[in-house]
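Observations on chain architecture
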Amino acid sequence: MFDALIEGLFLVLQWKAFSLMMVGMGLGFVVGLLPGIGGAATLALMLPFIFKMAPVEAFAFLLGMHSVAATTGDITSILFGVPGEGLSAALVVDGHPMAKRGEAGRALGAALMSSLVGALIGAATLAISIPIVRPLVLTFGSPELFMLSVVGIACITSLSGLGARSQIRGFAMGLFGLLLSAIGQERQSGSLRFDMGMMYLWDGLDLIPVIVGIFAIPEIVDLAVRGTAIAGERPKEDLQRGVLEGIKDTFRHFWLVVRCSAVGVFVGIMPGAGGGVAQWMAYAHAVQSAKDAKEREGFGKGDIRGVLGPGAANNSKEGGDLIPTIAFGVPGSAPMAILLGAFMIMGLIPGPDMLTKHLAVTYSMVWTLVIANIITVILSLAVLNQLAKVTYIRGGLIIPFVLFLVFVGSYTANGQIADLMVTFFFGLLGYFMVLFGWPRPPLVLGFVLGKLIETYLFISVSRYGFSWLTHPIVIVLIVLTGFVIAYPFIQERRQRPGRSADA
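These numbers come from a predicted model, not from an experiment. (Residues numbered from 1 in each chain as written. Predicted model: local features only at pLDDT ≥ 70, side-chain atom pairs only at ≥ 80, totals over all residues. Heavy atoms only, no water.)

Concerning the overall build of the protein chain
Stated precisely, the cut-off is as follows: Strands here are runs of E lasting at least two residues and helices are runs of H or I lasting at least four, both read from the DSSP assignment and numbered beginning at the N terminus. Using a 1.4 Å probe on the protein chains alone, a residue whose accessible area is under 20% of its type maximum counts as buried, one over 50% counts as exposed, and one in between counts as partly exposed. Here a residue-residue contact requires only that any non-hydrogen atoms of the pair lie within 4.5 Å. With residues, only the protein chains shown are counted as cover, and all accessible areas are computed by Shrake-Rupley using a 1.4 Å probe.
The helix and strand inventory of the protein chain stands at 22 helices and two strands. Taking all 503 residues of the protein chain together, the buried fraction comes to 56%. In the protein chain, once contacts between residues fewer than 6 apart in sequence are set aside, the share between residues at least 24 apart is 79%. About 21000 Å² of surface is accessible on the protein chain, with carbon and sulfur atoms providing 68% of the total.

What follows is the structure, given as C-alpha cells:
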C-alpha cells in the first residue's frame, strides 16, 4: 500500500499529468471567481475532453479543476457578497461584512489558509480510509452494492429542501433519472425500451449532453437575464493588507479549523449531503464554539471564526466525497456524480478494483487534491489584487465563450447533431426545474446510477433469487433507506403542533 502511495505521487508528477492538472486548475480558477457558473457545470463541460487521456491524467485534470473552483469561489463571496460557487454561500455571512469594514485582506487570508488546512485533512482522511474501507468493500456483493446505490439516491432526495413537498420533488427527480437511464437496449436481453423508433436512442441517452444541458444552460440563461457586470463596485481597500493577519487567525483558532474540517469530511462521506450542507454545518459549529451570548452576537457582522469554519469545510469535504464514490460507486454530491461518469468513460468501475488493481490511481487522486490546493493558495495569496479584476468582466463577454464550450462539448460526445438537440432539451428542462424549485442533483444521480442499479439487481436476482433480501447488510440498508425517506416527513409532522401552539 505504501508502494502504491509513492507510485501515485510519481504518476501525478509526470509531465503530462502535471501539465493537465495545471490546465484544469486554470479553468477552475476562472470558474470559481465568476458567479453564475458552478463547478459541477464546468466538470460536465470538460468530460468530452478526457476521452483520449489516461485515467491518472483525466482525474488530475478534473480534480485539479474542481478543487480549485471550490477554493477561489471564496474570493468573490468575500469581496462582493456574491458566491463564486454555490458552495461558498456560508462565507458571505461574515466574510462580506469584514470586507465592507476594510478587512477584506484578513478575511481572504483566513479563508484561503483554512481551505488549505481543510483540503490537507480531507486528503489525509481519504488516504487513511483506504486500508480501512478495503476489507469492508471486499465483503460487499451485488445485493449490497445495489442497496448502497438506492441509499445514495434516497440520501440526496432527503436533502432536496425543507418540507414534505421538497422531499417528494427530490424523490420524484431521482426516479425520473432512473427512468431516463432505462432508455435504449436492455443490457441483459438486448430488447429495446423507450426508443420512440429512433436509432439514436438504441444506445440510450449519452451522459455528457444530458449533464451539460441540465447544469450549464440554466446558469448561462440566468447570467443573460441579469444582463449586468459580474461584480459590483471596485473595493477601496488594499486587499493585500491584513492577509498575514488572516493566516495567523487560522492558527490562532487552529482546533476550530480542525473540527470544522472533520465536519466537512463527515458530511462529504454521507452520500448526497454535498458541500453546501458541510459549510452551513461548519458555520453552525463555529457559532456554537462562542463562549457566551455576547460573542455569538458578533457572528453575521464580521467574526473571523465565521470565515474559518466554512472555509475549512469547503475543501475538506472533497476528500470525504471521494470515499463513497471510489469505494462503493455512490457519489457524495452532484460533482461526484459527474466524476462517476468519468470513471465510466475511463473504463474503471468504482469498488474493489479501485482499492486493489487500481490502487495507485486512487492514491494519485489524493496527491492531486494536495498539490492542487497548495499551488492554488500560494498563487491566490500572491495575486489577490489582480484576481479581483476578473470579476468585472461583463456577462455578455462570458456567455458566448461558455455557449461555445457547451455545444462543442456535447457534439464531440458522439459526433451527432442529435446530441445538440438532447443538450438543448435538457437545458430547457433544467431551466424550468430551477425556475419552479425542482432539484437537479437527484435526477443526475438517478441517471448516472441507473445502469449500475439495474446490473446489480439483475446479478443479485440471477444468483440468489430473492433470498438476497435476507442478507444481514441488505436488511440494514433497506431499513436505512426507509428511515432516510421517512425522516423529513416525521420531522415536519412533529413541528406542526408546535407551530399551531405558537400561533
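Back to the write-up after that little detour.
Topic: the packing of aromatic side chains
Where we set the bar: Think of it this way: a Phe, Tyr or Trp ring, Trp meaning its six-membered ring, pairs with another when their centres are within 6.5 Å, and the plane angle makes it stacked under 30 degrees, edge-to-face over 60, tilted otherwise.
Going through the model one piece at a time under the given rule, you end up with seven aromatic pairs. For the ring pair Phe425 and Phe426, a centre distance of 5.2 Å and an interplane angle of 90 degrees mean the geometry is edge-to-face. An angle of 15 degrees between the planes, with centres 6.3 Å apart, marks the rings of Phe432 and Phe436 as stacked. Of the aromatic side chains, those joined through ring pairs into one cluster are Phe251, Phe254 and Trp255.

Brief notes about helix H10 (residues 243–252)
The test is simple: The directions from the helix axis to the C-beta atoms are what the arc is built from.
Listed as buried for H10 are Val243, Gly246, Ile247, Asp249 and Thr250. One side of H10 holds all its buried residues, which, seen down the axis, span an arc of 150 degrees.

Side note on the environment of Leu145
Following the sequence through the fold, Leu145 ends up in helix H7 (residues 142–158). Relative accessible area serves as the criterion here: at 10%, Leu145 is assigned to the buried category. On a C-alpha basis, the gap between Leu145 and Gly351 in space is 8.9 Å, while along the polypeptide they are 206 residues apart. What Leu145 contacts, discounting residues up to four positions off in sequence, is Phe140, Phe328 and Tyr456.

Let's talk about helix H1 (residues 2–13)
Let me state the cut-off plainly: Expected span of a helix: the number of residues minus one, times 1.5 Å.
The first and last C-alpha atoms of H1 sit 17 Å apart over 12 residues, in line with the 16 Å expected at 1.5 Å per residue. What H1 keeps buried is the set Ala4, Gly8 and Val12. End-on view of H1: buried residues confined to an arc of 75 degrees, all on one side of the axis. Among the exposed residues of H1, those pointing more than 90 degrees away from its buried face are Phe2, Asp3 and Phe10.

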